[in-house]
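# Fold and geometry: a report
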Amino acid sequence: RARAAPQERRRRVAPLAAAPPARAAEEPLLRGIFEIGKRSCDVVLSGRRLRWSPILPESPTDDSSMALQAEEEIIEMKDVFSVKLKRRRFAGQNKGGTLLGITIFKCLNKEENKLTDCAIHLNNLSEDHCQSWFRHLKEILNGFQNRPKSLKVFVNPSSHKREATHVYYEQVAPLFKLADIKTDVTVTEYEGHALSVLKECELQEFDGVVCVGGDGSVSEVAHGLLLRAQIDAGKDTDYVSNPVRAPIPLGVIPAGTTNILAHTLYGIKHVVTAALHIVMGHIQAVDVCTFSTPSRLLRFGFSAMFGFGARTLALAEKHRWMPSSQRKDFAFIKTLADLKPEECELSFLQVPQEDSHESDRKKKEKIKRKGSKDQWQKIQGHFLNVSIMAIPCLCSMAPRGLAPNTRLNNGSMALIVVQNTSRTEFIRHLKRYTSIKNQFNFPFVETYTVQEVKVQPRLKSGLDAKENMYLNAASAEGNYPWNIDGDLMKEASEVHVRVHPQLIDLYGVNTDDLESSQATCNCI
């Protein structure tokens, strides 16, 4: 009976052994001794955390003050992106070597939304001990969803100061290799190269696509990824009313001049931050627009400008022989000096005011349900600039964003209309973008939250010679420039812009939700 009692007790507590998932993640998987920062430490690994504390000698007087010094340090496993066996090797030795321990690589939050990587060294000379820990750590890392194992990479060597190739191979590729991510790299040779590759390549072999370049390069890759999705779904690519989602996420490595999409995703233009968001598998669903004429799809994109923003780009493109920054400054000043309004008619389907406080899910359901039943509004006149943006469009020149009242995935677009006014007042409006003041607080600026927009230019007659000098030759024939995500397009007919909620996943985090918390563990 004395022997039966413990068995009965074991039977009574057995049901408690099957802990719920959250509790199971806290259950210790391994416990051992490693040297960390020249101190022997008691290290405990669970599915969620790695924690350690220094092993202190026992005090003969049982002084509890020494115990207080043994502060425990913790690493969240969700912040770890790589683990390697650490070995000492001689020059020229590629394999083997004396085992020294394990190195854990962690993603660290810094100030101003920056991410960086740091290494923690767990030293132990036992091969069996380290191999067991290494296997468990790798098992945990392999269990994280959305972390890519294989990426298709496009590098635009011509972007900005022709530094994209250097940026990728010096700063990004080492992080991908450290995270055991396989890559297939295409260095683009001409405009449209990435688009043609995306139409033909075996996308199912990759977990994501990465673009290293500026806004124009990213726009081309995003367009290609979504166009490929329509082709695979058997849809007519000349007219896409209800597009399917992109099959895999897109990563953006900023290597251009303004880098609006990267700045909007990460809150900062920082190559290592962008690369670590991709490595960590941080995914953000983003709204996308379709830009179409009555007869065909022009492209998928995130934002567009008609008027001043487009004419500035058109002039800059005519002076590609100039250095990037000088070209853009020249085009901006010249277009401002020759400031002229566009005569056009704007038709738009506005998001009802009563929807403004509803959840995004309910709002999207209403958008689908109402569709063309809602009443279109029209305004006609002379406009200096028309902006249509599905994302906030942050950049260093507009820290609040070109469209600060929209979000990455709220299922709507910002329509910003700048009516004809004096050059002085227009400059005042532009200067507001660089400050914290409201750039829309002018009587000649109107803003709307919309689902669809149609822009119908009114053909002009008798363009003067001075205007024809800086406008594209096609403009004189009735074609009007459009700036779509930094890419120049020319169209004479009506352009119809629709927003499509959460059509693509981008590697990154919503800048509304960026955490300001600082890392608590030191890198040793």
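Here the structure is shown first, and the text comes after it.
Description of the structure in this document.

Parameters at a glance
Residues numbered from 1 in each chain as written. Predicted model: local features only at pLDDT ≥ 70, side-chain atom pairs only at ≥ 80, totals over all residues. Heavy atoms only, no water. Helix = DSSP H or I, 4+ residues; strand = E, 2+ residues; numbered from the N terminus. Buried < 20%, exposed > 50% of the residue type's maximum accessible area, 1.4 Å probe, protein only. Contact = heavy atoms within 4.5 Å. Core = buried A, V, L, I, M, F, W, Y, C linked by side-chain atoms within 4.5 Å. Phe/Tyr/Trp six-rings, centres within 6.5 Å; stacked < 30°, edge-to-face > 60°. Salt bridge = Lys/Arg side-chain N within 4 Å of Asp/Glu carboxyl O. Pairing = 2+ DSSP bridges. Right-handed = clockwise from strand over helix to strand, strands pointing away.

### A look at the overall build of the chain
- Across its full length, the chain carries 15 helices and 21 strands.
- Looking at the chain residue by residue over its 524 residues, the buried ones come to 49%.
- Nonlocal contacts in the chain, meaning residues at least 24 apart in sequence, comprise 71% of its contacts between residues at least 6 apart.

### Points about the environment of G96
- Along the chain, G96 turns up in the loop between strand 5 (80-88) and strand 6 (98-109).
- Setting aside residues up to four positions removed in sequence, G96 forms contacts with R87 and R89.

### Brief notes about helix 10 (residues 308-317)
- Across the 10 residues of helix 10, 9 count as buried, placing the element largely inside the fold.
- Taken residue by residue, helix 10 has F308, G309, A310, R311, T312, L313, A314, L315 and A316 as its buried positions.

### A look at the nonpolar core
- Judged by nonpolar contacts, the single largest core of 86 residues is most densely connected at F81, F176, V212, I253 and I504.
- Setting aside its immediate chain neighbours within four residues, F81 contacts F105, K106, C107, D117, L141, R147, L175, L178, A179, L276, V279 and M280.
- By size, the runner-up hydrophobic cluster in this structure holds 26 residues, among which are I388, V417, V453 and M489.

### Looking at the packing of aromatic side chains
- Enumeration over the complete set of coordinates arrives at 11 aromatic pairs.
- When the ring of F306 is compared with that of Y480, the centres are 6.1 Å apart and the planes differ by 45°; the resulting orientation is tilted. Taken together, the residues F306 in strand 14 (residues 303-307) and Y480 in strand 19 (residues 480-484) connect sequence positions 174 residues apart.
- The exposure class of F306 is buried, given its relative accessible area of 2%.

### Structural notes on the pattern of salt bridges
- This model, assessed by the stated rule, comprises 17 salt bridges.
- Taking the shortest distance from any N to any O, the salt bridge between D180 and K84 comes out at 2.8 Å. Taken as a pair, D180 in the loop between helix 5 (164-178) and strand 9 (182-187) and K84 in strand 5 lie far apart in primary sequence, 96 residues in all.
- Here E425 and R428 are joined by a salt bridge, their closest N and O atoms 3.1 Å apart. One end of the pair is E425 and the other is R428, both in helix 13 (residues 423-432) and 3 residues apart, which spans about a single turn.

### Describing the environment of V212
- With respect to the helices and strands, the residue V212 is situated in strand 10 (residues 208-213).
- A relative accessible area of 0% places V212 in the buried class.
- Measuring from C-alpha to C-alpha, the distance between V212 and N156 comes to 6.3 Å, with 56 residues separating the pair along the chain.
- The contact partners of V212, leaving out residues within four places of it in the chain, are V153, F154, V155, N156, A164, V167, Y168, I253 and A255.

### Some words on the pairing of strand 11 (residues 250-254)
- Taking burial as the measure, the 5 residues of strand 11 include 5 buried ones, the bulk of the element.
- Side chains L250, V252 and P254 of strand 11 all project onto a buried face; the interleaved residues G251 and I253 project onto the opposite face, where all are buried too.
- Sheet topology places strand 10 next to strand 11; 5 bridges connect them, and they run parallel. Each bridged residue has a counterpart across the sheet, and for V212 the counterpart in strand 11 is I253.
- Viewed along the sheet, the connection from strand 10 through helix 7 (residues 215-232) into strand 11 turns out right-handed.

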